[in-house]
Structures are given as structure tokens and as C-alpha cells.
Amino acid sequence: MRSSLPSVDPSDRSWWLDEALKSEGNVPTAAPLEGECTVDVAIVGGGFAGLWTALTLKRRRPDLSIALIEASICGSGASGKNGGKVHGYWSSLGTAVQALGRNGALAIAEAGDWAQDGIRTFASECGRDIWWREGGNLVVAATSRQEEKIAAIVEQARELGAEDHVTVLSVEEVQARCASPVFRRGLFYPDAATVHPARLARALRQAVIDQGVSLFENTPMLSVTPGNPSRIKTPRGQIIAREVVLATNAALSERREIRPHVSIFSSYVVMTEPAQDQLASMNWTGDEGLADLRMFLHYSRKTEDNRVLMGSGSGPVSYGAHAQARHLTHDKASIGRAEAGLRRLLPALRDIPLARAWGGAIDVSADRLPFFKTIPDTRIHYACGFSGHGVNATYIAGQCLASLVLNERDRWSGLPFCTRPLPSLPPEPFRFTGASAIRSAILACEEADEQNRGAPALARAVAALPKLLGLRIGVR
Ligand SMILES: Cc1cc2nc3c(=O)[nH]c(=O)nc-3n(C[C@H](O)[C@H](O)[C@H](O)COP(=O)(O)OP(=O)(O)OC[C@H]3O[C@@H](n4cnc5c(N)ncnc54)[C@H](O)[C@@H]3O)c2cc1C
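Model, not experiment: these values are computed from the prediction.

### Focus: the packing of helix α2 (residues 48-60) against helix α3 (residues 93-125)
Here is step 1: Look at α2 against α3: their axes get within 14 Å of each other, and the N-to-C directions meet at 80 degrees. In this view, α2 runs roughly perpendicular relative to α3, as classed from their interaxial angle. Seen from α2, the contacting residues are W52, L55 and R59; seen from α3, they are I119, F122 and E125.
Here is step 2: Across the contact of α2 with α3, the residue classes break down as 4 nonpolar, no polar and 2 charged.

In C-alpha cells:
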């Protein structure tokens, strides 16, 4: 697998989080939990999923007492470091139909629209500019093989009556939106937006405090004991709560009940210095996000100060679904691939220096869709499996988890995210060995494709395995 050395090293903290903390001024970190606290609902994790759940519960039932604990500060996890590309499931209909059938796929696509509406409403009422921009998503074919995928995607949308949600663009139409010598035809998804992810997380943090949620930062959960009530242990205290929500993202994969259903991959991004003239020279003056049609896709968007973020979903896999492994955040080869993607796809930015690079764990479920459930015979609920696509889906998670906590049968708790039986992945060591081999093979094939040469026969054979075996991850 080729990997070029990146021009910056991976950083512990995202450019987004630094910018958000600087822009909000001297907001004090919430004090850690000391002693015992008894509440109706305890939420663990101060990312989008935990914060949307807290806000939704308070809006539906203002009388509930809620405590939220976060191991670090709110927004320090994936929610403060992602690409900030926000879209539901119209662009994932193939995955959705395979996992849920026609009606299930349409149900989650509609829920994605409800989430876009909900985030838009929050963006307009939260009192901060969180850089919410609804410019759609431009998905380009950057090789001939990628171009071959377009017909099947459009046919799938047509079969489902969803043709209004995707438009095929000619080469000229693509170039008019974003010019690049490697871009061919493309697809435009109008129902997509971008956001400043860390500003969104921080605005949600402020909103839950304003609603009266008790927030404790620098307070890791050490253990949770289910019961009536359940008990959460922290380093210097304990929470006693009737209902518990675990919103700790990839860390959930370490739980026995959840581990069979998720595998931990990683995604990496680079952020450039401002490049206003270069963006103008390539016609990228609109608000659309950008992605290619690789399986380990490149994803990209601009910032308000004319930087470009380029991500690569090709980071290493973790053995045993271990979420803290260092190679999930500090893999130079993955940063190198994100930078190589930037320079190849957008050569007008060839000489623009990078300001920052970072990475994070991705919780990929066996069918690449998230799941929001209650651990059997307990009142412990959780959200997991966002599969690298969680900005929109964590809003849905917040609604679904609130419905599970309140025992409400409604349009949220009836979604397949809450109701479908979960497929499992093979156990270790087969899972890690298989996923690593398939990842390497797919990367080799996709790189050969970009260089217009044939991939080695072994790589082609291994990359074809997931499809042959009927798996839903790793299918090109
Ligand atoms: C590099 C990267 C790029 C991405 N790009 C996109 C994108 O463009 N669009 C998109 O839709 N999705 C994207 N994603 C995915 C998206 O960011 C996630 O799916 C989403 O943020 C998950 O939100 P969360 O609240 O579940 O997790 P998190 O934001 O990770 O929140 C979980 C929180 O739980 C805390 N925690 C963990 N363990 C404990 C404990 N024991 N006690 C207390 N607290 C604990 C963590 O500190 C963390 O703050 C990307 C992810 C990465 C890593």
C-alpha cells in the first residue's frame, strides 16, 4: 500500500476545537463530579449524541433532573473533530436497502430529513454562528471506475422514487461548481449541509446548561451497574439514576453486548491555510461539500475563512475493537493519504501549506447503519455504529434515545435504528485480520485505479471477498 509522508504531523486536537474555544472566549470548564448525585437520567458522553439526548429530554419533559458527565470537555471527541458534512441517507440508499429493504431505507432517509430540519432550527436559534450552510453535496467520479458507479446509484434512487434527491451532473456542470483536471461526471445531492462541528458541539453544551442539565466535565465513567436505580461510578463520586444513556461513541465497542456488532476503523483529515484566490480560480465559490466515489472516500469542504478540509476514511482498524489505540489518532500514513487526496483532487491547492492534521476512531457497524437500543433487562440505553456518518445521525440518536428513556412509542422509536435485529461481525482474531487484509487490498486497488494501472491480482482477489461472502462492510 503506497503512502506518502505528510507535510504535518498528526495533532491531538482539531483545528475546529481550537477555533471554537477561542471564539467563545473564557467559558469555564464545568467542575468534575464530587460526591453523590441522584437524578432521573444520567447521560455519559458530551458529544453530539449525549448533548442532543439531554436537550431533547429537557424539551419534552422539563421536569426531569438530568446529569451529563464527560471524560474531558464537551466536543473533545469525534463531534469536535469531524468533517462537518451533514447529510442523511439519500446518498446511502444502496447500503440502506441492503440492510433494511425498500420501506426501511425510505424511513431512515425521511428521518435524515427530519434531522436536517432539527439542526437547521437549532442553528438559527442557538445565538451563535455555527457556520451552518446548506449548499448540497457534490460527489465526483475521479477515475473511470468511479464513473461506472454513477448509473447504479441513479437507478437505485429511481427504483425507490427518490430521483428528486440526486441529480447527475455532466463534466461541465461539475467543473462549473469545482474545477479539477481529474473530475469527471458527478452527482449532486441537494439535501446536504456543512457545519462547524466544534461550534455546534459547544453551542449544544451551552444549550443544555441553559435548560438546567447538571454538567460535569473531566468526569470519566469508571463503571455502570444496572439496577433500579442504576449506579455510575466516577473517580470521586457516583450518580444514582433511574435511566442511563451511554453516548460514548467508539468506547462503547468495549462493552460485551455491543462488541459483536461494531468494528473500529479510523478517519483522518488535513486542514489547509486560507486559499481564497485558489478557490476562486477553481470556481469553488459555493457552499457545497465535496466527496469522491472511492470506497475509502475522500471528503472535503471549505471553511468561512477559505480553508479546505480534506479527509480520508482509510485509517487503520483496531484489534478487539479497542477504541483508545494510538494508531486511530496518530497514523502518519493516513494523514499522508488525506494530503495526497487534497493535492490530487484539488491541484490548484498544490502549494497551499497545511495548518493542522488529526484523526479519530470510527465505529463501523456490521451493516454500516447506527443502532440505538436498550440493553436487555436494564434501563441503560445507548447509541452506536455511526460508521463515519454521525453529524446528522446523532440528532436522530438524541430523539430516539429520548423516546427510549421515556418509553414513548413514536416516529423515532419505531425507526429501524431502534428496532432492527443487529447483524454480527466475525470474532477476533478473524475480524481484525480479515478487515486489515481487505482494507489493504482495497487501498491498493483504489490507488492503482487513480494511477490508471491494473491492481495486483492478489489485491483484486482479496478486495472482492466481502461481496462474495455477502458482507456489508468493505464492499467496493
Ligand atoms: C476525522 C473524522 C471525520 C468525520 N467526518 C464526518 C463528517 O464529515 N460527517 C459526519 O456525518 N460524520 C463524520 N464523522 C463521524 C462523526 O464525527 C461521529 O459519528 C459523531 O461525532 C459521533 O458523535 P458521538 O456523540 O457519538 O461521539 P463523540 O463526539 O466521540 O462523543 C463521545 C464522548 O464521550 C466521551 N467519553 C468516552 N468515554 C467516556 C467515559 N467512560 N466517561 C465519560 N465520557 C466518556 C468522549 O470524551 C466524547 O467526548 C467523522 C469522524 C471522524 C473521527
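Let us keep going from here.
### Observations regarding the site of the ligand
Here is step 1: Lining the immediate surroundings of the ligand are 34 residues, of which E70, S79, K85, M221 and V391 lie closest.
Here is step 2: Contact distances for the ligand include 2.9 Å between a nitrogen atom and a backbone N or O atom of G83.
Here is step 3: K85 is positioned such that a nitrogen or oxygen atom in its backbone is 2.8 Å from a nitrogen atom of the ligand.
Here is step 4: Here the ligand, which alone exposes 1,000 Å², has 91% of that area covered by the protein.
Here is step 5: With 3 residues, strand β16 (residues 354-365) is the largest single contributor of residues to the shell around the ligand.
Here is step 6: Partitioned by chemical class, the residues of the shell around the ligand number 13 nonpolar, 18 polar and 3 charged.

### Re the side chain of R431
Here is step 1: Inspection of the secondary structure assignment puts R431 in helix α11 (residues 430-450).
Here is step 2: For the buried R431, no salt bridge is present, and the opposite-charge side chain at shortest range is E428, 4.6 Å distant.
Here is step 3: Residues in contact with R431, not counting those within four places in the same chain, are R259, P260, V262, S263, A321, L425 and P426.

### Quick word on helix α6 (residues 197-210)
Here is step 1: The end-to-end C-alpha distance of α6, which contains 14 residues, comes to 20 Å, matching closely the 20 Å that a straight helix rising 1.5 Å per residue would cover.
Here is step 2: Every buried residue of α6 is accounted for by P197, A198, R199, L200, A201, R202, A203, L204, R205, A207 and V208.
Here is step 3: Looking at the buried side of α6, the elements it contacts are α1 (15-24), α2, α3, β8 (214-216), β14 (298-302) and α9 (391-405).
Here is step 4: Just downstream of α6 lies G212, where phi reads positive at about 95 degrees.

### Considerations on the pattern of salt bridges
Here the idea is simple: oppositely charged side chains can pair when their charged atoms come close.
Here is step 1: Across all of its chains, the model carries 32 salt bridges by this definition.
Here is step 2: The residue R205 makes a salt bridge to E217 at a minimum N-O spacing of 2.9 Å. Here R205 is found in helix α6, whereas its partner E217 is found in the loop between β8 and β9 (223-225), with 12 residues between them in sequence.
Here is step 3: According to the relative accessible area criterion, R205 is buried, its value standing at 3%.
Here is step 4: E217 gets classed as buried once you look at its relative accessible area, which sits at 0%.
Here is step 5: A salt bridge links D367 to R420, with the shortest nitrogen-to-oxygen separation between them at 2.8 Å. With D367 in the loop between β16 and β17 (371-374) and R420 in the loop between α10 (416-419) and α11, this pair connects stretches of sequence that are 53 residues apart. Taken as a pair, D367 and R420 share a single burial class, namely buried.

### Looking at the nonpolar core
Here is step 1: Core analysis: the biggest nonpolar cluster contains 74 residues, and W52, L57, L200, F372 and I396 have the highest contact counts within it.
Here is step 2: Take this core: its biggest share by element is 12 residues, from α3.
Here is step 3: Excluding residues that lie within four positions of it along the chain, L57 makes contacts with V41, I43, P62, L64, I66, A402, V405 and L406.
Here is step 4: Formed by 28 residues, the second largest nonpolar core is a distinct cluster that contains A142, V182, Y268 and I335.

### So, the sheet that holds β14
Here is step 1: Reading across the sheet, the 8 strands line up as β5-β6-β4-β13-β14-β15-β12-β16 and stay open at both edges, with mixed pairing between neighbours. Only two strands of the sheet have a single partner each, and these edge strands are β5 (167-169) and β16. Strand-to-strand twist in this sheet, taken as the mean axis angle between neighbours without regard to direction, amounts to 20 degrees.
Here is step 2: Direction of pairing for strand β4 (residues 137-140) relative to strand β6 (residues 186-189): antiparallel, over a ladder of 4 bridges. Bridge pairing links L138 to F188 in β6.
Here is step 3: Relative to strand β15 (residues 308-315), helix α8 (residues 332-345) is tilted by about 130 degrees, and along the sheet it contacts β12 (262-272), β13 (289-292), β14, β15 and β16.

### So, unusual backbone geometry
Here is step 1: P229 follows N228 through a cis peptide bond whose omega is 10 degrees.
Here is step 2: Look at the link from E428 to P429: it is a cis peptide, with omega at 5 degrees.
Here is step 3: By the element assignment, P429 lies in the loop between α10 and α11.
Here is step 4: A positive phi angle is found at S387, which is not glycine, with a value near 55 degrees.

Calculation criteria
- Residues numbered from 1 in each chain as written.
- Predicted model: local features only at pLDDT ≥ 70, side-chain atom pairs only at ≥ 80, totals over all residues.
- Heavy atoms only, no water.
- Axes fitted to C-alpha atoms, helices over the stretch in contact; angles between N-to-C directions.
- Helix = DSSP H or I, 4+ residues; strand = E, 2+ residues; numbered from the N terminus.
- Parallel < 35°, antiparallel > 145°, perpendicular 65-115°, else oblique.
- Contact = heavy atoms within 4.5 Å.
- Nonpolar A, V, L, I, M, F, W, Y, C, P; charged D, E, K, R; others polar.
- Near = heavy atom within 4 Å.
- Polar contact = N/O pair within 3.5 Å; in protein donor to acceptor, adjacent residues only side chain to side chain.
- Areas by Shrake-Rupley, 256 points an atom, 1.4 Å probe, with all protein chains shown as cover.
- Buried < 20%, exposed > 50% of the residue type's maximum accessible area, 1.4 Å probe, protein only.
- Lys, Arg positive; Asp, Glu negative; His and termini not counted.
- Salt bridge = Lys/Arg side-chain N within 4 Å of Asp/Glu carboxyl O.
- Expected span 1.5 Å × (residues − 1).
- Core = buried A, V, L, I, M, F, W, Y, C linked by side-chain atoms within 4.5 Å.
- Pairing = 2+ DSSP bridges.

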